[in-house]
Amino acid sequence: MTLWVEGATGKAGRRVVAALAAAGVPVRAASRHPGAPAGAVTPVRFDWYDETTWAPALGDADAVFLKGLDSDADAAAIMARFVGSAPAVRHVVFMSAAGVDAAPDHAPRRAVELAVQNSGKRWTILRPNWFLQNFDEDEWVFAKALREDNDLYAGSGDSRVSFTDTRDLADAAVTVLTEDGHDGRGYTLTGPEAVTFGEVAEVLAKVSGRPIRHLDATPEQHRAHFARSGRPDAWVDHMLDLFELVRAGVSAPVTDDFERLTGKPPRTLAAYAEEMWRG
Ligand SMILES: NC(=O)c1ccc[n+]([C@@H]2O[C@H](COP(=O)([O-])OP(=O)(O)OC[C@H]3O[C@@H](n4cnc5c(N)ncnc54)[C@H](OP(=O)(O)O)[C@@H]3O)[C@@H](O)[C@H]2O)c1
């Protein structure tokens, strides 16, 4: 079995690669900027927007972990084309996001889920909630403003989020990629508790000893903040849509899917903060 992981240098993908390698599974780690091979990991160059990279990157892979494209109106069509171009691939594991299964069929991420489900392959969908690692690793979602200004910039009001540690996502991915019994299933992977962004700020402040506070941005403030990233307007719109979903309570439910899949409890905000934010 050779596994192929897309987004292999990202917050989620690189932990999926590490967890597979630790489980002794050969893995092809796909991104536009592959690093050097190490042990069972073979980095390969792959670009969603350059189809000539697809087949060489896949090589002999028979199962894939995909995150697909966000904020691209053609994401579902590109996903369908990619999966259709890979006859040797038998199992597709798609990382979507918590709540997407309840979205209308035409919603961008739900359309990608449906493209996977209708691909004719065996499929499994993982739906993690907002990543804890956004706080220290995602420069423009939270990390830069936290680092430079102690501001947790989130237009969320008092809505709650059951944050997911990306290492739990990776452990769940190893389970569904390497064990039978997960075909045609979707799993919503959450942390063990739902907290407000105000409570997150309190935890990070206490552990770091810094005056971190929740800045409950209006949509206009948020748009201006994200626009400073220099990322495309479609990404800014996508982020504002995500915070609207948070305010609507979509990110609050807590599930036991992770524990049922892996037999262990999900990692906590407190443990993450202790590890990454201790001052
Ligand atoms: N962040 C969250 O809180 C969260 C929660 C739930 C679900 N998700 C889902 O997770 C996904 C994001 O995952 P992440 O946070 O791990 O990503 P990330 O940290 O932003 O990393 C993006 C990865 O994609 C690669 N990449 C970017 N553009 C590419 C292209 N054109 N072709 C091929 N590879 C490309 C990047 O590597 P190179 O630059 O080297 O190509 C990198 O490995 C999203 O689809 C989102 O819906 C995120």
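See the structure above.
None of these values were measured; they are calculated from a predicted model.

What follows deals with the overall build of the protein. The number of helices and strands found in the protein is 12 helices and 11 strands. Taken against the 2.2 N^0.38 rule, which gives 19 Å for 279 residues, the C-alpha radius of gyration of the protein at 18 Å falls within 12% of a compact globule. If one aligns the C-alpha atoms of the protein with their principal axes, the spans along those axes are about 50 × 35 × 35 Å. Counting the 279 residues in the protein, one finds 52% classified as buried. Taking contacts inside the protein between residues at least 6 apart in sequence as the whole, the part at least 24 apart equals 73%. Accessible surface for the protein amounts to roughly 12300 Å². Of this, 51% is attributable to carbon and sulfur atoms. Taking the average place of the 30 positive charges on the side chains of the protein and the average place of its 40 negative ones, the gap between the two points comes to 3 Å.

Neighbouring residues of the ligand: 24 residues in total, closest Thr9, Ala12, Arg32, Asp70 and Asn134. Lys11 is positioned such that a nitrogen or oxygen atom in its backbone is 2.9 Å from an oxygen atom of the ligand. The contact in question runs from an oxygen atom of the ligand to an N or O atom on the backbone of Phe131, over 2.8 Å. Compared with its free state, where it exposes 910 Å², the ligand has 81% of that area covered by protein. Its residues placed into classes, the shell around the ligand shows 10 nonpolar, 8 polar and 6 charged.

What follows concerns the sheet that holds strand β1 (residues 3–6). Sheet architecture is open: 7 strands sit in the order β3-β2-β1-β4-β5-β6-β9, paired in parallel fashion. The open sheet has two edge strands, β3 (41–45) and β9 (185–189), and neither has a second partner. In this sheet, neighbouring strand axes are inclined to one another by 20° on average, regardless of whether the strands run parallel or antiparallel. Two elements, strand β2 (residues 27–31) and β3, share 5 bridges in a ladder whose sense is parallel. Bridged to Ser31 within β3 is Arg45. The sheet strands contacting helix α3 (residues 75–84) are β1, β4 (63–66) and β5 (91–95), and the helix crosses β4 at an angle near 165°. Taken strand by strand, helix α7 (residues 166–178) contacts β1, β4, β5, β6 (122–128) and β9, and its axis lies near 170° from that of β6.

Conventions used here
- Residues numbered from 1 in each chain as written.
- Predicted model: local features only at pLDDT ≥ 70, side-chain atom pairs only at ≥ 80, totals over all residues.
- Heavy atoms only, no water.
- Helix = DSSP H or I, 4+ residues; strand = E, 2+ residues; numbered from the N terminus.
- Rg over C-alpha atoms; globule rule 2.2 N^0.38 Å.
- Buried < 20%, exposed > 50% of the residue type's maximum accessible area, 1.4 Å probe, protein only.
- Contact = heavy atoms within 4.5 Å.
- Areas by Shrake-Rupley, 256 points an atom, 1.4 Å probe, with all protein chains shown as cover.
- Lys, Arg positive; Asp, Glu negative; His and termini not counted.
- Charge placed at Lys NZ, Arg CZ, Asp CG, Glu CD.
- Near = heavy atom within 4 Å.
- Polar contact = N/O pair within 3.5 Å; in protein donor to acceptor, adjacent residues only side chain to side chain.
- Nonpolar A, V, L, I, M, F, W, Y, C, P; charged D, E, K, R; others polar.
- Pairing = 2+ DSSP bridges.
- Axes fitted to C-alpha atoms, helices over the stretch in contact; angles between N-to-C directions.

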